[in-house]
Amino acid sequence: MGRELTSDKVELHEMENDDFSDLELIYHVRDALISVPLGNRDNYDELVGHLHPMQRPTADQVALLVTTLKALSGAVSYIDIVHHEALIYAVSRLSMWNYGTDVMDALLELIISLAASNGKYVDMCLDMLVRNFVPPSYFMKMLKQPCGITRKCEVLSRVHAALKDISDLVPLAPMRLSPIVVQRMPNVFSKEHEIVIFVENMLRLESGAIGEIVGVTMLPALVDRMIELDVEIGWDGNLQDEAKDIFDMELEDVAEPVDDHDNDDMLSKGSLRRKCLQGNLVAEKLDSLMVLTFEHLESCQSSGRLAQVFDVLLTSFQKTVLNAYKSKFTQFVMFYACALDPGECAVKFAMELADMFICKVNPPITRMSAVAYLASYLSRAKFLSAAVVTSILQRLVNWCYEYTMLHDVDMNPLAHQVFYSGCQAIMYMLCFRMRSLMDVPRLKLQLLNMPLEPILKHRLSPLTVCLPTVVEEFLRQAKAARHFTTSESFVFNDVLESDLSRAFGGMDRLDMFFPFDPCLLKKSDGYIHKYFIYWSMVRTTYDSDDVSDEGSGSESENEEAMMMGSYAEKDLDIESVLNRMSITPKNSLKFGNERMPSRIRPSTSPESL
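What counts as what
Here the residue numbering is sequential within each chain, running from 1 through the sequence in written order. Selection of residues for local features in this predicted model requires a pLDDT of at least 70, selection of side-chain atom pairs for listing and counting requires 80 or more, and totals for whole chains, interfaces and linings are taken over all residues. As a rule here, side-chain values come from all non-hydrogen atoms in the structure, and water together with hydrogens is ignored. To qualify as a helix, a DSSP run of H or I must reach at least 4 residues; to qualify as a strand, a run of E must reach at least 2; elements of each kind are numbered from the N terminus. Burial classification: accessible surface area is computed with a 1.4 Å probe over protein chains only, and a residue below 20% of its type maximum counts as buried, one above 50% as exposed, and the rest as partly exposed. Between two residues, a contact is recorded if the distance between any of their heavy atoms is within 4.5 Å. Reported accessibility uses the Shrake-Rupley method at a 1.4 Å probe radius. Residues are deemed covered only where the shown protein chains occlude them. Positive charges come from Lys and Arg, negative ones from Asp and Glu, while His and the chain ends are left out of the count. The term salt bridge refers to a pairing of a side-chain nitrogen on Lys or Arg with a carboxyl oxygen on Asp or Glu at a separation within 4 Å. Stacked, tilted and edge-to-face pairs are distinguished by plane angle, under 30 degrees for stacked and over 60 for edge-to-face with tilted covering the rest, among Phe, Tyr and Trp rings (Trp via its six-membered ring) whose centres lie within 6.5 Å. Any Lys NZ or Arg CZ found within 6 Å of a ring centre and within 35 degrees of that ring's normal is scored as a charge over the ring. Definition used in this section: a nonpolar core is a set of buried Ala, Val, Leu, Ile, Met, Phe, Trp, Tyr and Cys residues joined via side-chain atoms within 4.5 Å. Between N-to-C directions, angles span 0 to 180 degrees; the directions come from axes that are lines fitted to C-alpha atoms, helices contributing only their stretch in contact. Angle categories: roughly parallel below 35 degrees, roughly antiparallel above 145, roughly perpendicular from 65 to 115, and oblique for all the rest. By convention the crossing between two helices is left-handed if the near helix lies anticlockwise of the far one by an angle smaller than a right angle, and right-handed if it lies clockwise. Following the grouping adopted for this structure description, the nonpolar residues are Ala, Val, Leu, Ile, Met, Phe, Trp, Tyr, Cys and Pro, the charged ones are Asp, Glu, Lys and Arg, and the polar ones are all others, Gly among them. Two cysteine sulfurs form a disulfide in these notes if their separation is within 2.5 Å. Multiplying 1.5 Å by the residue count of a helix minus one yields the expected span of that helix. Any pair of nitrogen or oxygen atoms within 3.5 Å is treated as a polar contact; in protein, a donor-acceptor pairing is required on top of that, and neighbouring residues in sequence qualify only through side-chain atoms on both sides. pLDDT is defined as a per-residue confidence score from the predictor, taking values between 0 and 100.

Engineer: Tell me about the overall build of the chain, and please be specific about residues and values.
Structural biologist: Scanning the chain for helices and strands turns up 28 helices and zero strands. With 609 residues in all, the chain has 56% of them scored as buried. Looking at the chain alone, contacts between residues at least 24 apart form 79% of all its contacts between residues at least 6 apart. A total accessible area of about 26,800 Å² is found for the chain, and carbon and sulfur atoms account for 50% of it.

Engineer: I'd like a rundown of the side chain of Lys285, residues and numbers included.
Structural biologist: Mapped onto the secondary structure, Lys285 falls in helix H14 (residues 281-302). Salt bridges are absent for the buried Lys285, whose nearest opposite-charge side chain, Glu192, sits at 7.7 Å. Setting aside its immediate chain neighbours within four residues, Lys285 contacts Val188, Phe189, Ser190, Lys191, Glu192 and Leu229.

Engineer: Pulling in residues and values, what's your account of the packing of aromatic side chains?
Structural biologist: Under the criterion given, the structure shown has 29 aromatic pairs. Measuring from centroid to centroid gives 5.4 Å for Phe332 and Phe516, while their planes differ by 80 degrees, and the two rings are edge-to-face. Pair noted here: Phe332 is in helix H16 (residues 332-340) and Phe516 is in the loop between helix H25 (499-505) and helix H26 (522-528), with a separation of 184 residues, a long-range link. For Phe332, a relative accessible area of 0% translates into the label buried. The residue whose ring lies beneath Arg476 is Tyr542, and the NZ or CZ to ring-centre distance is 3.8 Å.

Engineer: An account of the nonpolar core is needed here, citing residue identities and associated values.
Structural biologist: In terms of nonpolar packing, the biggest core is built from 195 residues, with Phe335, Phe349, Tyr377 and Phe383 touching the most fellow members. The element best represented in this core is helix H20 (residues 417-438), accounting for 15 residues.

Engineer: How would you sum up the packing of H14 against H16? Please name residues and give values.
Structural biologist: Two elements in contact, H14 and H16, have axes whose closest approach is 10 Å; the angle formed by their N-to-C orientations is 25 degrees. Considering the angle they form, H14 stands roughly parallel to H16. The chirality of how H14 crosses H16 is right-handed. Contact residues: Met290, Thr293, Phe294, Leu297, Glu298 and Gln301 in H14; Phe332, Val333, Tyr336, Ala337 and Leu340 in H16. Grouping the constituent residues of the contact of H14 with H16 by class yields eight nonpolar, two polar and one charged.

Engineer: Can you explain unusual backbone geometry? Please cite residues and give values.
Structural biologist: For Ser461, which is not glycine, the phi dihedral falls at a positive 55 degrees. Assignment of secondary structure puts Ser461 in the loop between helix H22 (452-456) and helix H23 (462-465).

Engineer: A description of the state of the cysteines should follow, citing residues and the corresponding values.
Structural biologist: This structure, assessed with the given rule, holds zero disulfides. Summary of cysteine pairing: Cys345 is not part of a disulfide, and the nearest cysteine sulfur, belonging to Cys338, is at 6.4 Å.

Engineer: Before we move on, can you summarise the pattern of salt bridges with the specific residues and values?
Structural biologist: A pair can form between side chains of opposite charge whenever their charged atoms are brought close. This model, assessed by the stated rule, comprises 19 salt bridges. With its nearest N and O atoms 3.4 Å apart, the salt bridge here joins Asp45 to Arg41. The exposure class of Asp45 is partly exposed, given its relative accessible area of 39%. Given the relative accessible area of 36%, Arg41 is considered partly exposed. Across the salt bridge formed by Asp439 and Arg539, the nearest N and O atoms sit 2.8 Å from each other.

Engineer: Any chance you could break down H14 for me, citing the residues and the numbers?
Structural biologist: The end-to-end C-alpha distance of H14, which contains 22 residues, comes to 32 Å, matching closely the 32 Å that a straight helix rising 1.5 Å per residue would cover. At the N-terminal boundary of H14, the capping side chain belongs to Asn280, with an oxygen 3.1 Å from the backbone nitrogen of Val282. Among the residues trailing H14, Gly304 stands out with phi positive, at a value near 80 degrees.

Engineer: A description of the confidence of the model for the chain should follow, citing residues and the corresponding values.
Structural biologist: Looking at the chain as a whole, its pLDDT mean stands at 82, while 75% of the residues score no less than 70. Here helix H1 (residues 9-16) stands out as the element of the chain with the lowest mean pLDDT, 40, in contrast to H16, whose mean of 98 is the highest. Every residue in residues 545-572 is under pLDDT 50, and counting partners more than four places away or in other chains gives 52 contacts. Within the model, pLDDT remains below 50 along residues 581-608, and this stretch shows 54 contacts once partners closer than five positions in the same chain are excluded.

Engineer: So what about the packing of helix H5 (residues 85-92) against helix H7 (residues 122-131)? Which residues, and what values?
Structural biologist: It is the contact of H5 with H7, at a shortest axis distance of 10 Å, that shows an interaxial angle of 25 degrees. As the angle between them shows, H5 and H7 are arranged roughly parallel. Residues Ile88, Val91 and Ser92 of H5 form the contact with H7, whose participating residues are Met124, Met128 and Arg131.

Engineer: Residue-level account of the side chain of Asp517, with values.
Structural biologist: On the secondary structure map, Asp517 appears in the loop between H25 and H26. Overall, Asp517 belongs to the buried group, its relative accessible area being 17%. Within the local environment of Asp517, its side chain forms a polar contact with the side chain of Arg380, the two groups lying 3.2 Å apart.

Engineer: Run through the environment of Leu414, naming residues and quoting values.
Structural biologist: Tracing the backbone shows Leu414 in the loop between helix H19 (386-406) and H20. Put simply, Leu414 and Ser501 are 87 residues apart on the chain and 9.7 Å apart in space, counted from C-alpha to C-alpha.

Engineer: An account of the environment of Phe139 is needed here, citing residue identities and associated values.
Structural biologist: As for its position among the elements, Phe139 is in the loop between H7 and helix H8 (146-169). Sequence separation between Phe139 and Trp97 is 42 residues; the distance between their C-alpha atoms is 8.0 Å. Ignoring sequence-local partners within four residues, the contact set of Phe139 consists of Trp97, Gly148 and Arg151.

See below:
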């Protein structure tokens, strides 16, 4: 059976000097484990004592720990979850961050062997590894030092390799891993460096060897945590101020520092609001997580995985972000993913939002939120071509026109919330995009052929119900472009909102929800701003005394391309894009450039809308 191991230090050193063979050590550990149920715990207790964490262990203590861990790896089949609870607990308390690579490797060998020996230990072993995603609190300060960076690389590379090894040995392990990671994820009250390093590991899992299995969980869990942080951010000001600032809450000074307290009068309202977030710990956590996500999306684009990851994000957006009460910043993850792939993901996102709005199965609040996202997205995304915007706008106009044909009734904000939200979305989009559409002859013709006037002059009276700030700007541009005339005089008297818009917006005030207003998180905006249309960049129809009915096609389209940047495909055919993506518009109405008849004889009941 081999010689008995005693607690005498000399004999321990002899053991290290190969006086005991590896097999003899394994036999000794096996006997110690077997003796526990028989009431003999002396050798077992000594064994557990060798595993207790020590501050600044000596070389001999480290060597003994390595030897003990290796011997346990050879006797894992004798470890019992009931009788050897103290041993398992001692192993679980060992942090790889506290030791050199020899201890790390011996500990991982034990964890992998234990997981492979019996299925009931898999969750425990995975949990041990996940707990090493984050170093002990006292080690955090060292992460910016060279030695700390080296240790971080040594630990995390081994942890992820061990997760892969266990997944190879136990095929069900990745599915068991996902809930453990989500459960161990630091909450919104954790320190920023803790949640950041944990998320780094989550994203590493998503793109790693077992990413195909765990990836569908990592990204949604991250989005959920960002939403939790988002709603924790306090917001100064009130809804009326937000309504007034729709067209001037811009970060026009994005390249300038915003921490000069002496220049407040020179800053835009958007920058002043950003200053209000300085020192907000929750906002800083969210900002850091969003930057990590942006960089991960860039990596996915480089590796050709962006479309796959985008589908996961889109599902998460629909389940979590879409109906979150006035999410402030998390939605820019979707915006940036679309910006990285304007030809596929960007169009797909717009189509999905339009489908959600038009689909009668969705509850009204979902449809209203979807069209608010759609209007804000199409207005702000520099990477979307005017052709794509026009095609989506056509769908919204067609739906609203059919709605008026089926509901020849008087104004009622509560009964027709979805309709009014669609009308406001159309007007908001045109506030940003009307001039760019009018400058392209073929798109101008399509816009002029849309039945906007019958919709806006209908008895449902959307011009009276929708947010006055949006209506006023829309009418100003539409009249300057000679696209819309009305005999009614709308005197708003600086009214920022109305009881009617409040009524159709509901308790969530979706009439005042513009989710892609400028991002006020400084680090995140550094990624967003080059893809973003600010109001200061918009060429309105009243910028010029006349909007020519017959422009030069080449010059006009060149102007559009300059405004949209190199991301827009000037002559993009939306239907060809959808064909490439194998997307069929759901519940779509007339889609294209044909003019809708002046009267539509509905073949469906009003409920179909």
